[in-house]
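Fold and contact review
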Amino acid sequence: LYTEHDLAEGEAISAAPGQGRYLGSVMRKKEGDEILLFNGRDGEWKARVTAIRKDDATFTPEERRRAQTIASGPVLLVAALKREAMEWVVEKVTELGVRAIHPVLTTRAVPDRVNRARLFLIAREAAEQCERLDVPEIAEAVPLYNALGAWDGSPLAVAAERRRAVPLAQLPPGPMPALLIGPEGGFTGPELDALARHPFVAMVSLGPRILRAETAAVSALAVLQATRGD
Ligand code: SAM
């Protein structure tokens with residue numbers, strides 16, 4: 001269970017809204033039962049439910065079970081997708097170990113507003129479900145050209161269908177690249193030309209078929225995890 005509070009032995013903390021009800025009604029936890037807590041900073045703690053009533057609950061951390069770990073996966077830059085597709089991507093790539101998610105605005109990206117708070121909740125639930133101890137950052141959506149302008153020069157793999165591109169699994173060895181996935185309508189020619197001009201960019205292929213953007217994000221993460229992850 002995720003908490004925003006610091007975790008330290010014997011220091012009782014209160015549940016976030018909704019957690020008491022979830023623990024009582026869904027997980028059937030009672031006073032005195034054990035749960036596991038994490039906050040993305042202090043590792044995983046065994047804690048005791050010290051009070052539970054309606055939607056109020058208090059937990060007392062007792063013992064640290066696992067040290068904090070940070071996912072070693074890539075940073076994902078993904079064109080803003082329709083709300084449902086974006087939420088699906090956030091859930092799946094969190095399970096696959098993405099380090100951070102940066103929505104980018106491209107010429108053909110859908111104009112749906114990117115709801116960062118909601119995406120963070122989805123990432124948090126996915127982290128809980130897959131027993132990951134950190135929650136990927138969901139960055140503010142920025143235009144593609146701004147993201148490129150501010151780029152630190154580290155390797156960036158751009159998923160580009162229909163271009164002469166190296167299969168992602170065959171990128172030369174090196175540090176974990178960040179990954180850029182385009183919108184449902186694809187990148188425009190000028191966007192691809194601008195990307196290709198940067199020395200840190202490698203155009204990568206995910207196979208001969210045109211994948212939906214969300215399929216492309218998940219399959220690219222799976223390839224990176226299989227070839228460079230832990
Ligand atoms: N509308 C575009 C077209 O028909 O040419 C297709 C865009 S595709 C649905 C969405 C994004 O997924 C692309 O911008 C690209 O980043 C990624 N993608 C899809 N299939 C891919 C492939 N086979 N190799 C590399 N990237 C791919």
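Look up: the structure comes first, before these words.
Residues numbered from 1 in each chain as written. Predicted model: local features only at pLDDT ≥ 70, side-chain atom pairs only at ≥ 80, totals over all residues.

1. A short note on the overall build of the protein
Rule in force here: We count a stretch as a helix when DSSP gives it H or I for four or more residues in a row; a strand needs E for two or more, and each element gets its number in order from the N terminus. Residues are called buried when their C-beta atom has 20 or more other C-beta atoms within 10 Å, exposed when it has 12 or fewer, and partly exposed otherwise; all C-beta atoms are positioned from the backbone. Two residues qualify as a contact pair if the distance between their C-beta atoms, derived from the backbone, is within 7 Å.
From N to C terminus, the protein includes six helices and 12 strands. With respect to the three principal axes, the spread of C-alpha positions in the protein is 60 × 35 × 30 Å. Within the protein, the proportion of its 230 residues that are buried is 34%. Across the protein, every contact between residues at least 6 apart in sequence was considered, and the portion connecting residues at least 24 apart equals 72%.

2. Remarks on the packing of helix 2 (residues 83–95) against helix 3 (residues 116–130)
Quick reminder of the rule: Only the stretch in contact is used when a helix axis is fitted, and all axes are lines through C-alpha atoms; the angle between N-to-C directions ranges over 0 to 180 degrees. Whether a crossing is left-handed or right-handed is set by the direction in which the near helix is turned from the far one by less than a right angle, anticlockwise for left-handed and clockwise for right-handed. Put simply, Ala, Val, Leu, Ile, Met, Phe, Trp, Tyr, Cys and Pro go in the nonpolar bin, Asp, Glu, Lys and Arg in the charged bin, and everything else, Gly too, in the polar bin.
Two numbers describe how helix 2 lies on helix 3: the axes approach to 8 Å, and their chain directions differ by 35 degrees. You can see that helix 2 and helix 3 cross each other, and the crossing is right-handed. Each of Met86, Glu87, Val90, Glu91, Thr94 and Glu95 in helix 2 lies in contact with helix 3, whose residues at this interface are Leu119, Ile122, Ala123, Ala126, Ala127 and Cys130. Its residues assigned to classes, the contact of helix 2 with helix 3 shows eight nonpolar, one polar and three charged.

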